[in-house]
Every structure is written in C-alpha cells, then in structure tokens.
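Residues per chain, in single letters:
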Amino acid sequence: MPTSPIVTIDGPSGSGKGTISRAIARHAGWHLLDSGALYRLVALAGARAGLAPDDEAGHARLAATMDAVFGAGPDSAEQVILDGLDVTAGIRSEQAGQGASRVAPWPAVRRALLERQRAFARPPGLVADGRDMGTVVFPHADLKIFLTASPAERALRRYKQLKDKGSDVSLAALSRDIAERDLRDSTRAVAPLKPASDAEVIDSTGLSIEAVVGRVLELGARRSLWA
Ligand code: DC
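What this report covers is the structure whose coordinates are included nearby.

Cut-offs applied
- Residues numbered from 1 in each chain as written.
- Predicted model: local features only at pLDDT ≥ 70, side-chain atom pairs only at ≥ 80, totals over all residues.
- Heavy atoms only, no water.
- Near = heavy atom within 4 Å.
- Polar contact = N/O pair within 3.5 Å; in protein donor to acceptor, adjacent residues only side chain to side chain.
- Areas by Shrake-Rupley, 256 points an atom, 1.4 Å probe, with all protein chains shown as cover.
- Helix = DSSP H or I, 4+ residues; strand = E, 2+ residues; numbered from the N terminus.
- Nonpolar A, V, L, I, M, F, W, Y, C, P; charged D, E, K, R; others polar.
- Pairing = 2+ DSSP bridges.
- Axes fitted to C-alpha atoms, helices over the stretch in contact; angles between N-to-C directions.
- Contact = heavy atoms within 4.5 Å.
- Core = buried A, V, L, I, M, F, W, Y, C linked by side-chain atoms within 4.5 Å.
- Buried < 20%, exposed > 50% of the residue type's maximum accessible area, 1.4 Å probe, protein only.
- Salt bridge = Lys/Arg side-chain N within 4 Å of Asp/Glu carboxyl O.
- Expected span 1.5 Å × (residues − 1).
- Arc of directions from axis to C-beta.

Considering the site of the ligand
The environment of the ligand is made up of 17 residues, and the closest members are R40, R110, R131, R181 and R188. K17 is positioned with one of its side-chain polar atoms (N or O) 3.2 Å from an oxygen atom of the ligand. The contact in question runs from an oxygen atom of the ligand to an N or O atom on the side chain of R40, over 2.7 Å. In the complex, 97% of the free accessible area of the ligand, which totals 440 Å², lies under the protein chains. If you list the elements that add at least two residues to the shell around the ligand, you get helix 2 (35–48), helix 4 (94–103) and helix 8 (171–187). For the shell around the ligand, the element with the highest residue contribution is helix 2, accounting for 4 residues. Residue composition of the shell around the ligand, grouped by class: 4 nonpolar, 4 polar and 9 charged.

What follows is the structure, encoded as structure tokens:
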C-alpha cells in the first residue's frame, strides 16, 4: 500500500474534476493522475491499430503495453505522448471521450490499467482524477471528493471548454453525449461511477472554481494534508 498521501476526485463528465484536480495538485506540489486520459489513450490506440470496436482482449493488450508519457509541454501546457506521437489535442475531443467510455466497461481493460494507475502514487503525494479513484483504485485515499453539478451546467461548461479549443460543437449534441456517457459510466457492471461511502460530495452547480478549490483545500487542511 502506498505511504504517500492521496486525494481522489471522482465525478461525471463536465463536473470540473480536471480543473479542480490540477489546482489542488499545484497547491500541494503533488503528482497528478488524469485517469480518464488513460482510457482515452486505449480507445485511440485501438482505433490506430485497427481493432474491432468490440475487441476486449485486443484493447486490454494495448492498455497493458502502450507507451504513454504524461509531461509538461513547451509552455507548461500538459502534453500526452502515445507511442512516440503527440496526442495532446486528439485525446481531448468529444469523440475520444465517447471512445473511452466504450472501452471503459471492459473488466480486462480496467484490470490492465489498475497497476499503471497505482504507480502514480509517489511522494510527495497524488491527486487522482476519474470515476473510480476512491472506490476501486485508491480505496485507502486520505481524502475522497465526489464532484458533481447539474447536467445542464456540465454540458455548458464542456461546451465552453471545447469552443475555447476551437472545436465546432453544438450544445444540444453535447447535452445528449453527456447524458449518454453518464448513463453508460454509472450503469456498467464493473467500477461504475458512484461516490465512495466515505466521500465528501460537493455539488458545484452555481459555484466558482475558486469556491470549489477553497472547499477541497479546507477539507484537506482539516486532515492535515497541507497547511
Ligand atoms: O474523465 P474523462 O472524460 O476524460 O473520461 C473519459 C471516459 O473514460 C469516461 O467517460 C469513462 C472512462 N473513465 C473510467 O471509466 N474510469 C476512470 N477512472 C476515468 C475515466
């Protein structure tokens, strides 16, 4: 079991997990695990390898063997390299998110990613962002957050995020995608999206990023994770 502290931040698409996790990791000076990026990489690697969409074993093999490197890009922007190719922009598309949500229910893929994810737990500490960080991957985490927001607000946040990146998306299509993804993520048999029994649930509807970060920092300070 890891000895350095771990904070898990789980929640549905568009709940702000990524933004909040980055802010907390920066504040604490800890490592960050964006577990959704790993599922997105598996889907992308599968498409590149020409795997059939229902090839569970093939995708699990890629999950175990793909060479995924997470690092800071030239201007400190987050960079993701898959088998030597820069896929930073490619894995952020809504299509990659949908692909990830399709490979994510497969037990063999989740098993193959388990140790990869646990290897991110290193001193001085880890902030892990995903769907099952507090329930399955790091059940002994020091602080578990379940971040949520109304579906309408999550769709709008996602819309703004994708527009800012120059994607041509419609709010209506995005709302449909988010509802589909929520359903798939929370009803799958293995590691469904749900709060851990000991998670702190934060509903961020109508709250600013600063307010949510402040709440998480307060919860962590109460557990002596930082000053
Ligand atoms: O957080 P995200 O949107 O990048 O995640 C993409 C998909 O990956 C999500 O719809 C479900 C899956 N996922 C998962 O099953 N378990 C995780 N810990 C993280 C993501």
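Details of the sheet that holds strand 7 (residues 143–148)
Spatially, the 5 strands line up as an open sheet ordered 2-6-1-7-8, and their pairing is parallel. Each end of this open sheet is capped by a strand with a single partner; those strands are strand 2 (31–34) and strand 8 (200–203). Averaged over all pairs of adjacent strands, the angle between their axes in this sheet comes to 20°, without regard to strand direction. Bridge count between strand 2 and strand 6 (residues 126–130): 4 bridges; the pairing is parallel. Note that in strand 6 the partner of H31 across the bridge is L126. Helix 2 rests against strand 2 and strand 6 of the sheet, and its axis sits at about 45° to strand 2.

Quick word on the nonpolar core
One finds L33, L41, V109, L113, L126 and F138 to be the most contacted residues of the largest nonpolar core, which totals 33 residues. Of all elements in the fold, only helix 2, helix 3 (56–65), strand 4 (78–82), helix 4, helix 5 (107–118), strand 6 and helix 6 (133–137) reach the threshold of two or more residues within this core. Top element by residues in this core is helix 2. It accounts for 7 residues. The contacts of L126, once residues within four sequence positions are left out, are P5, I6, V7, W30, H31, L32, L33, F120, A121 and F138. Counting residues in hydrophobic clusters, the runner-up holds 19 residues, among them I9, A25, I145 and I202.

Let's talk about the sheet that holds strand 3 (residues 68–72)
Working definition: the strands of a sheet are paired by backbone hydrogen bonds and lie parallel or antiparallel to each other. The sheet built from 3 strands is open, its strands ordered 3-4-5 with antiparallel pairing. Every interior strand has two partners, whereas the edge strands, strand 3 and strand 5 (85–86), have only one.

As for the pattern of salt bridges
Applying the stated criterion to the full structure yields 15 salt bridges. Ionic pairing is found between E200 and R223, a salt bridge with its closest N-O pair at 3.0 Å. With E200 in strand 8 and R223 in the segment after helix 9 (209–222), this pair connects stretches of sequence that are 23 residues apart. Take R223: its relative accessible area is 33%, and that puts it in the partly exposed class. One salt-bridge network, in which partners are shared between bridges, spans D34, E78 and R92.

As for helix 8
Look at helix 8: 24 Å from first C-alpha to last across 17 residues, which is about the 24 Å you get at 1.5 Å a residue. Listing the buried residues of helix 8 in full gives L174, D177, I178, R181, D182 and D185. Buried residues of helix 8, seen end-on, are gathered within an arc of 135° and therefore sit on one face of the element. For helix 8, exposure combined with an orientation more than 90 degrees from the buried face picks out R176, L183 and T187.

Thoughts on the environment of R158
Relative to the assigned elements, R158 resides in helix 7 (residues 151–164). Taking the C-alpha atoms as reference points, R158 and I178, separated by 20 residues in sequence, lie 9.1 Å from one another.

Keep in mind that these numbers describe shape and distance, not what the molecule does.
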